[in-house]
Amino acid sequence: MIYQVMPDLSPEEYEELKADIAARGVMVPIEFDEQGNVLDGHHRLKICADLGLKDYPKVIRAGMTEDDKRLHARKLNCARRHLNAEQKRELIRQQLSETPEKSDRQIAAGLGVSHPTVGAVRNEMVEAGNVEKFTTSIDTMGREQPRQRKPVSVFNPTRREEKAIQDPDVVDRLATGQTSSVLSASKQVNREAKAERKAYEAPTQMPDNCQVFVGDIRDGLPSIPDESVDFIITDPPYPREYVPLYGDLSRLAERVLNPGGSLIVMTGQSYLPDVMTELGREMTYHWCMAYMTPGGQSPQLWHKRTNTFWKPVLWFTKGEYGGDMVGDVLKSPPNNNDKLFHEWGQSLGGMQDIVERFTYPGDLILDPFLGGGTTGVAAVLKAREFIGADANEECVATSKARILEAIADAGCAS
Ligand SMILES: C[S@@+](CC[C@H](N)C(=O)[O-])C[C@H]1O[C@@H](n2cnc3c(N)ncnc32)[C@H](O)[C@@H]1O
């Protein structure tokens, strides 16, 4: 069974993707359920068969219901940056047709979109007669909630209740049965208004101590001055065709790291000997640490017949390391591989662990393979300075937005 939620690619789009995969390999892991059904990536899989490619990144997701699987497939598509607004609305329509009884918020949370967008799509569908107008809905906690508007009566109101009931949003909440207490309706409305104000006030400029830019490591990232960086903490792509990039990383590290600086590299096991040779071109091997990835977040590597629950974090230095003692077992929280911002995204908790173990507030960290910006978010949340680069423009835009949001949420802009 294939959980295909988007229409087939056009022949031109298919050929374009095929040429890209022939040139660079499969960039986005193909996702399967435990029975081997494709949850996401049927085009990529077909192209691999066409090209005779047997070695491609894959993820197995086990223990999902059929509903979960379809929702997950839609969520992955929604999170893809190449979907335009109309394509996202189409996925919302599919979800509403399938589970109209679920609340807008529940559908929004499942798909990773905003609940007003789900509400707008629902209204259009109700008007067009394509979905039933539900008088009850299931909320995000799985509870049934009335949707019908009822007249609102408040007996013997206190002064605060009298004031609160003047707000039409409070009345709406009571009328649709979302709560029966005027004061709790008012609190909810104020909380949401505050969240909106906060989103509106989010900074649009990166602070001076944090910058991200589009750059290909093979060009040497010349805008970064020599001997200006304290640590490189990074997670390059793992497939075989990317192994030479670890040599470029070694050259970059030798140039930009301060003497005694460290290069910390998360990588896969498949091509480890070659990766270590490349990293050793300009840098000195120091240690190999284990990054534990407990739970169901680790892929099954069929070509190696291995279920992997850890990955190496390689530690190379520029000259002698003279820093603190560091434990060599790192870990991400269980089931915490975050693919919302990048298909190969790492856990934010795991990255914060690495940042905290190796660096001090005020240190300058570089990640030349930004992806979804996890290292940058971990760095700013821990008050480190940060430079990030990625060859992919979308990755840089996503990282920038994510870092700005983290700064706004934590109130940690410099
Ligand atoms: C494994 S991902 C990083 C994921 C990241 N750690 C996160 O948590 O989101 C590797 C990144 O390297 C980038 N990349 C690939 N080739 C590159 C190159 N030659 N120069 C710079 N970045 C490159 C890819 O675009 C991808 O975003």
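Please refer to the structure higher up on the page.
Residues numbered from 1 in each chain as written. Predicted model: local features only at pLDDT ≥ 70, side-chain atom pairs only at ≥ 80, totals over all residues.

**Student:** Can you explain the overall build of the chain? Please cite residues and give values.
**Tutor:** Helix and strand content of the chain: 14 helices and 15 strands. With 414 residues in all, the chain has 32% of them scored as buried. Taking as baseline every contact in the chain between residues at least 6 positions apart, the subset at least 24 positions apart corresponds to 68%. (Helix = DSSP H or I, 4+ residues; strand = E, 2+ residues; numbered from the N terminus. Buried ≥ 20, exposed ≤ 12 C-beta atoms within 10 Å, placed from the backbone. Contact = placed C-beta atoms within 7 Å.)

**Student:** Provide a residue-level description of the environment of Asp 104, including the pertinent values.
**Tutor:** Tracing the backbone shows Asp 104 in helix α5 (residues 104–111). Using a count of 24 C-beta atoms within 10 Å as the deciding quantity, one classes Asp 104 as buried. Measuring from C-alpha to C-alpha, the distance between Asp 104 and Arg 122 comes to 8.1 Å, with 18 residues separating the pair along the chain. With residues up to four places along the chain from it excluded, the contact list for Asp 104 reads His 115, Val 118, Gly 119 and Arg 122.

**Student:** How would you summarise the site of the ligand if you had to cite specific residues and measurements?
**Tutor:** In the vicinity of the ligand, 21 residues are found, and the nearest of them are Asp 235, Phe 369, Gly 371, Gly 372 and Thr 374. Tallied by class, residues from the shell around the ligand come to 10 nonpolar, 7 polar and 4 charged. (Near = placed C-beta within 6 Å. Nonpolar A, V, L, I, M, F, W, Y, C, P; charged D, E, K, R; others polar.)

**Student:** Which residues make up helix α6 (residues 115–127), and what values go with them?
**Tutor:** For α6, built from 13 residues, the straight-helix expectation of 18 Å at 1.5 Å per residue is met to within 8% by its first-to-last C-alpha distance of 18 Å. Phi turns positive one or two residues past the end of α6, at Gly 129, with a value near 75 degrees. (Expected span 1.5 Å × (residues − 1).)

**Student:** Explain the sheet that holds strand β13 (residues 329–331) residue by residue, including any values.
**Tutor:** Spatially, 8 strands are ordered β6-β15-β14-β7-β8-β12-β9-β13 in an open sheet, and the strand pairing comes out mixed. Edge positions in the open sheet fall to β6 (210–214) and β13, since each of these has one partner strand only. Across the sheet, the mean angle separating the axes of adjacent strands is 20 degrees when strand polarity is ignored. In the sheet, strand β14 (residues 364–367) pairs with strand β15 (residues 385–390) via 4 bridges, with the strands oriented parallel. Looking across to β15, one finds that Leu 366 is bridged to Ile 387. (Pairing = 2+ DSSP bridges. Axes fitted to C-alpha atoms, helices over the stretch in contact; angles between N-to-C directions.)

**Student:** Before we move on, could you go through the packing of helix α1 (residues 11–24) against helix α2 (residues 42–51) and cite the residues and values that matter?
**Tutor:** When two helices pack together, their arrangement is given by the angle between the helix axes and by the axis-to-axis distance. As a packed pair, α1 and α2 sit with axes 10 Å apart at the nearest point and diverge in direction by 60 degrees. Seen from above, α1 lies across α2 with right-handed handedness. Taken together, the residues of α2 that come into contact with α1 (itself represented by Tyr 14, Leu 17, Lys 18, Ile 21 and Ala 22) are His 43, Arg 44, Ile 47, Asp 50 and Leu 51. Across the contact of α1 with α2, the residue classes tally to 6 nonpolar, 1 polar and 3 charged. (Left-handed = near helix turned anticlockwise from the far one by under 90°.)

**Student:** So what about the nonpolar core? Which residues, and what values?
**Tutor:** Counting residues in each nonpolar core, the largest one holds 50 residues, and the members touching the most others are Ile 232, Ile 264 and Val 313. Per-element tally for this core: the top contributor is helix α10 (residues 243–256), with 6 residues. When near neighbours in sequence (up to four residues on either side) are disregarded, Ile 232 contacts Ala 253, Leu 257, Leu 263, Ile 264 and Leu 366. Grouped together as the second largest cluster of nonpolar side chains are 9 residues, Leu 91, Ile 92, Ala 108 and Leu 111 included. (Core = buried A, V, L, I, M, F, W, Y, C linked by C-beta atoms within 7 Å.)

**Student:** How would you explain helix α12 (residues 348–358) if you had to name every residue and give the values?
**Tutor:** For α12, the set of buried residues is Leu 348, Gly 350, Met 351, Ile 354, Val 355 and Phe 358. On an axial view of α12, the arc spanned by its buried residues comes to 160 degrees, and they lie on one face. Contacts from the buried residues of α12 go to β7 (229–234), β8 (257–266), β9 (284–292), β13, β14 and α13 (374–381). (Arc of directions from axis to C-beta.)

**Student:** So what's going on with unusual backbone geometry? Which residues, and what values?
**Tutor:** Both trends apply: most residues other than glycine have a negative phi, and most peptide bonds are in trans. Positive phi, close to 45 degrees, is recorded for Glu 227, a residue that is not glycine. By the element assignment, Glu 227 lies in the loop between β6 and β7. Backbone geometry at Ala 383 places phi at a positive 60 degrees, although glycine is not the residue there. With respect to the element layout, Ala 383 can be found in the loop between α13 and β15.

**Student:** Let's hear about the environment of Ala 164: which residues, and what values?
**Tutor:** Within the fold, Ala 164 resides in helix α7 (residues 159–164). Expressed as a C-alpha distance, the spacing of Ala 164 and Leu 183, which sit 19 residues apart in the sequence, is 7.0 Å. Other than its neighbours up to four places away in sequence, Ala 164 contacts Val 170, Val 182, Leu 183 and Ser 186.

**Student:** So what's going on with the environment of Arg 240? Residues and values would help.
**Tutor:** When you line up the elements, Arg 240 lands in the loop between β7 and α10. Look at Arg 240 and you get partly exposed, because 13 C-beta atoms sit within 10 Å.

**Student:** Give a description of the sheet that holds strand β1 (residues 30–33) that names residues and reports values.
**Tutor:** Whenever strands of a sheet pair, they do so through backbone hydrogen bonds, lying parallel or antiparallel. Read from one edge to the other, the open sheet built from 3 strands follows the order β2-β1-β3, with strand pairing classed as mixed. On the outer flanks of this sheet lie β2 (38–40) and β3 (58–61), each paired with one strand and no other. Neighbouring strand axes in the sheet, compared pairwise and without regard to direction, differ in orientation by 35 degrees on average. Bridge count for β1 against β2 is 2 bridges, and the pairing is antiparallel. Residue pairing across strands places Phe 32 opposite Val 38, the latter belonging to β2.

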